[in-house]
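# Coordinate analysis (summary)
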Amino acid sequence: MSRDVVLEGADRPFSIEIADALQAHDLGVARAGAERPVALIINRAVALNPTAFEAVTDDAFDAALEDSLLEVLDLIQKWVPRLADGAAIVVLTSRAHLGAWGAAPEAAASAALAGFCRTLALEFASRGTRVNLAAADFVDAYASDPVGRIRVAEAVAWLASDRAGAISGQVVLLDRGRGLQMREAQLRDLSAP
Amino acid sequence: MPSPPLALVTGAARGIGRAIAERLARDGLRVLACDVDAEELAVLAGSRRDDDIGGVVLDSCDRPGVAALFEREGPVNVVVNNAGIASEMIPALELTREAFQRMLAVNLRGTFVVAQEAARRMPAGGRIINIASRGYLGGAGAGHYVASKAGVVGLTRAMAVELRWRGINVNAVAPGMVDTRMLSGFTEATRRSLERREPAGRAADPSAIADIVAFLASPDADQINGQVLLADVGKSLGAPPL
């Protein structure tokens, strides 16, 4: 049986680590012309260039939608008819869907992608295909944190594997608790240095 | 006496938008009712005895037109981004780029343009309310619509994170099935079948959504920011057991 995984966005941060992490599940990134891949991983990791909401340009907004939605649509339409039965789709995005400073285009695009992936999970369930969204921190947060990148990759590889066979239509937050707004919470602790 | 607060509602010629415009006017606000449909706006204006609702022909995606409107009208205190489209059901594998782009342009980019031009000029105490849809949670055959409305929710959160320091609250309302022209694409049989699946057994009246928007626009909702209010009588909690 094929253990081929298609990795789209191979030139983006996390992709090298994802290719490594797949090996733990006896999976490997396919060369061109993959036969009936068992998983499709679409890497849309987001590098944040913080911009105040009032200053966001139309071009920046459109670019985020192009990257996260229209290109993902193209890739889904290209690969889904070729996937093996019971295949997994994992899309990697950022935690921006929860809202973040200076990240209006990314927030809109990531949240839209979350809704889109939930819809794909519903539509592809009859094929036995699972679809999940992995929401990591912005790539800049891992600049000096190679272990953090590996942990994100391990979670993505796990979602792509049969071990995660019970999970579909979910947004899995891989932000190490940043969603808890710890920095903001510490600001309220007046005894903190 | 200070002049009453000014509200701007998009997609206001009919349906939920019209109900919101009428409700906010009843609450004492002056309302700019914006819509692309001049004829329907004239019908709305003709139905009013007072001049508390002014009709404005506006395409939410037309940035120069939106900016010019805000420049002309001065500070707007409440903005309701309601303009939106639905479409026929299209499975993701058959969805074209063009159909996806059009949906995102009207429902998401239009909301972004109006909200941004509003935020650039909005005084402290302002409110921005974006009309999403229960559909943002996902729905087979509606990937483009779902994505556009989920995007509105994400945009709402990002705006709330930033604008809270200027005293501006940004929230979203996600209605379930509402009795508007958006349902006109369904046959009567399909519509009845859909209504039976609603916890209330029928589509909501647009005024029910307007009530929620009026609350979010009022001082009573000061503490609510960056939230999505699901207004679907609990349908999104899941279907009853068979």
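Residues numbered from 1 in each chain as written. Chains lettered and ligands numbered in written order. Predicted model: local features only at pLDDT ≥ 70, side-chain atom pairs only at ≥ 80, totals over all residues. Heavy atoms only, no water.

## Concerning the overall build of chain A
Note the cut-off: Put simply, DSSP H or I for four residues or longer makes a helix, DSSP E for two residues or longer makes a strand, and each gets a number counted from the N terminus. Residue exposure (1.4 Å probe, protein chains only): buried if accessible area is under 20% of the type maximum, exposed if over 50%, otherwise partly exposed. Note on contacts: a residue pair qualifies if any of its non-hydrogen atoms lie within 4.5 Å across the two residues. The accessible surface values rely on the Shrake-Rupley method and a 1.4 Å probe; as for residues, cover is taken only from the protein chains in view. When charges are counted, Lys and Arg are positive and Asp and Glu negative, with His and the chain ends excluded. To locate a charge, take NZ of a lysine, CZ of an arginine, CG of an aspartate or CD of a glutamate.
Looking only at helices and strands, chain A has five helices and six strands in total. When its helices and strands are written in sequence order, chain A yields β-α-β-β-α-β-α-β-α-β-α. Referenced to the eigenvectors of the C-alpha coordinate spread, the extents of chain A come out at roughly 60 × 35 × 30 Å. Expressed as a percentage of its 193 residues, the buried residues of chain A come to 54%. Once local pairs closer than 6 in sequence are excluded, the contacts in chain A between residues at least 24 apart make up 83%. For chain A, the accessible area works out to roughly 8700 Å², and carbon and sulfur atoms hold 53% of it. The distance from the centre of the 18 positive side-chain charges to the centre of the 26 negative ones in chain A is 6 Å.

## A word on the overall build of chain B
Our working definition: Radius of gyration here is computed from C-alpha atoms only, and the compact-globule reference equals 2.2 Å multiplied by the residue count raised to the power 0.38.
Each helix and strand in chain B was counted, giving seven helices and seven strands. The C-alpha atoms of chain B give 17 Å as radius of gyration, which agrees with the globular expectation for 242 residues (18 Å, within 12%). The dimensions of chain B, computed from C-alpha atoms along their principal axes, are 60 × 40 × 35 Å. Counting across all 242 residues of chain B, residues that qualify as buried make up 51%. Long-range pairs, those at least 24 residues apart, make up 71% of the contacts in chain B with a sequence separation of at least 6.

## Quick look at the nonpolar core
Quick note on the threshold: As used here, the term nonpolar core means buried Ala, Val, Leu, Ile, Met, Phe, Trp, Tyr and Cys residues forming a set that is joined through side-chain atoms within 4.5 Å.
Phe116 of chain A together with Ile128 of chain B are the most contacted members of the largest nonpolar core, which has 81 residues in total. Not counting residues within four places of it along the chain, the set of residues in contact with isoleucine 128 of chain B comprises Val79, Asn81, Ala115, Ala119, Met122, Met159, Leu163, Ile168, Asn169, Val170 and Asn171 of chain B. In terms of nonpolar packing, the next biggest core, distinct from the first, is built from 30 residues, Val9, Val80, Val213 and Ala231 of chain B among them.

## Some details on the interface of chain B and chain A
Stated formally: Put simply, buried area is the surface a 1.4 Å probe can reach on two separate parts but cannot reach once they are joined, added for both. We call two N or O atoms a polar contact when they sit within 3.5 Å, provided that within protein one can donate a hydrogen and the other can accept it, with sequence-adjacent residues counted only if both atoms are side-chain atoms.
Counting residues at the interface gives 43 residues for chain B and 41 residues for chain A. Of the roughly 3300 Å² buried between chain B and chain A, counting both surfaces, carbon and sulfur atoms make up 64%. In terms of surface lost to chain A, no three residues of chain B exceed Leu93, Arg97 and Glu162 of chain B, which account for 21% of the buried area on that side. For the interface between chain B and chain A, the tally reads 19 residue pairs in polar contact (both at pLDDT 80 or more). The set of elements that each furnish at least two residues to the side of chain B that touches chain A consists of helix 4 (97–119) and helix 5 (143–163) of chain B. Considering each element in turn, the side of chain B that touches chain A owes the most residues, 13 residues, to helix 5 of chain B.

## Digging into the sheet that holds strand 2 (residues 28–29) of chain A
All names here are of chain A. Operational definition: One bridge is not enough; two strands pair if DSSP finds at least two bridges between them. Note on geometry: axes are lines fitted to C-alpha atoms, helical ones only across the stretch in contact, with angles between N-to-C directions running from 0 to 180 degrees.
Taken together, the six strands give an open sheet; going across it, the order is 2-1-3-4-5-6, and neighbouring strands pair in parallel fashion. In the strand order of this sheet, the two ends are held by strand 2 and strand 6 (171–174), each with one partner. Pairing of strand 3 (residues 39–43) with strand 4 (residues 88–94) involves five bridges; the strand directions are parallel. Bridging from a neighbouring strand, leucine 40 pairs with isoleucine 89 of strand 4. Helix-sheet contacts for helix 2 (residues 58–79) involve strand 1 (4–8), strand 3 and strand 4, and the interaxial angle to strand 3 is about 165 degrees.

## A closer look at the sheet that holds strand 7 (residues 228–231) of chain B
All names here are of chain B. Here seven strands make up an open sheet; going across it, the order is 3-2-1-4-5-6-7 and the pairing parallel. Each of the sheet's edge strands pairs with one partner strand only, and the pair in question is strand 3 (53–57) and strand 7. Between one strand axis and the next, the sheet turns by 20 degrees as a mean value, whatever way the strands run. In this sheet, strand 4 (residues 78–81) lies alongside strand 1 (residues 6–9) in parallel orientation, the contact comprising three bridges.

## Topic: the pairing of strand 5 (residues 127–131) of chain B
Residue and element names in this part refer to chain B. Rules: Whether a crossover is right-handed comes down to one check: with the strands pointing away from the viewer, does the path from the first strand over the helix to the second run clockwise; if it does, it is right-handed.
In terms of residue burial, strand 5 counts as a mostly covered element, since five of its five residues are buried. Of the two faces of strand 5, both are covered, the one formed by Arg127, Ile129 and Ile131 as well as the one formed by Ile128 and Asn130. One ladder, built from four bridges, connects strand 4 with strand 5; its direction is parallel. For valine 79, the partnering residue across the bridge sits in strand 5 and is isoleucine 128. What joins strand 4 to strand 5 is helix 4, and the crossover it makes is right-handed. For strand 5 and strand 6 (residues 169–175), the ladder comprises five bridges, and the chain directions are parallel. Residue isoleucine 129 lies in a different strand from strand 6, and its bridge partner there is asparagine 171. The handedness of the strand 5 to strand 6 crossover, carried by helix 5, is right-handed.

## Brief notes about the packing of aromatic side chains
Selection criterion: Ring pairs shown here join Phe, Tyr and Trp side chains whose ring centres sit within 6.5 Å, with only the six-membered ring taken for Trp; geometry is labelled stacked below 30 degrees between planes, edge-to-face above 60, and tilted in between. Two conditions define a charge located above a ring, namely a distance within 6 Å from the ring centre to NZ of Lys or CZ of Arg, and an angle within 35 degrees of the ring normal.
Summed over all chains, the structure comprises four aromatic pairs over all chains. The interplanar angle of 75 degrees and the centroid separation of 6.1 Å between the aromatic rings of phenylalanine 53 of chain A and phenylalanine 112 of chain B together place this pair among those described as edge-to-face. Of this pair, phenylalanine 53 of chain A sits in the loop between strand 3 and helix 2 while phenylalanine 112 of chain B is found in helix 4, placing the two residues in two different chains. Residue phenylalanine 53 of chain A shares its accessibility class with phenylalanine 112 of chain B, and that shared class is buried. One residue, arginine 82 of chain A, lies across the ring of tryptophan 79 of chain A, its end atom 4.9 Å from the ring centre.

## A word on the packing of helix 4 of chain B against helix 5 of chain B
Residue and element names in this part refer to chain B. Selection criterion: Should an angle fall under 35 degrees it is called roughly parallel, over 145 degrees roughly antiparallel, and 65 to 115 degrees roughly perpendicular, with every other angle called oblique. With the far helix as reference, a near helix turned anticlockwise by less than a right angle produces a left-handed crossing, and one turned clockwise produces a right-handed crossing. Under the grouping applied here, Gly and all other residues not named as nonpolar or charged are polar, the nonpolar ones being Ala, Val, Leu, Ile, Met, Phe, Trp, Tyr, Cys and Pro and the charged ones Asp, Glu, Lys and Arg.
Taken N-terminus to C-terminus, the directions of helix 4 and helix 5 make an angle of 20 degrees; their axes are 8 Å apart at the nearest point. Judged by the angle between their axes, helix 4 and helix 5 are roughly parallel. When you trace helix 4 past helix 5, the crossing you get is right-handed. Contacts from Ala99, Phe100, Met103, Leu104, Asn107, Leu108, Thr111, Phe112, Ala115 and Ala119 in helix 4 reach Gly143, His144, Tyr145, Ala147, Ser148, Lys149, Gly151, Val152, Leu155, Met159 and Leu163 in helix 5. The residue makeup of the contact of helix 4 with helix 5, split by class, is 14 nonpolar, six polar and one charged.

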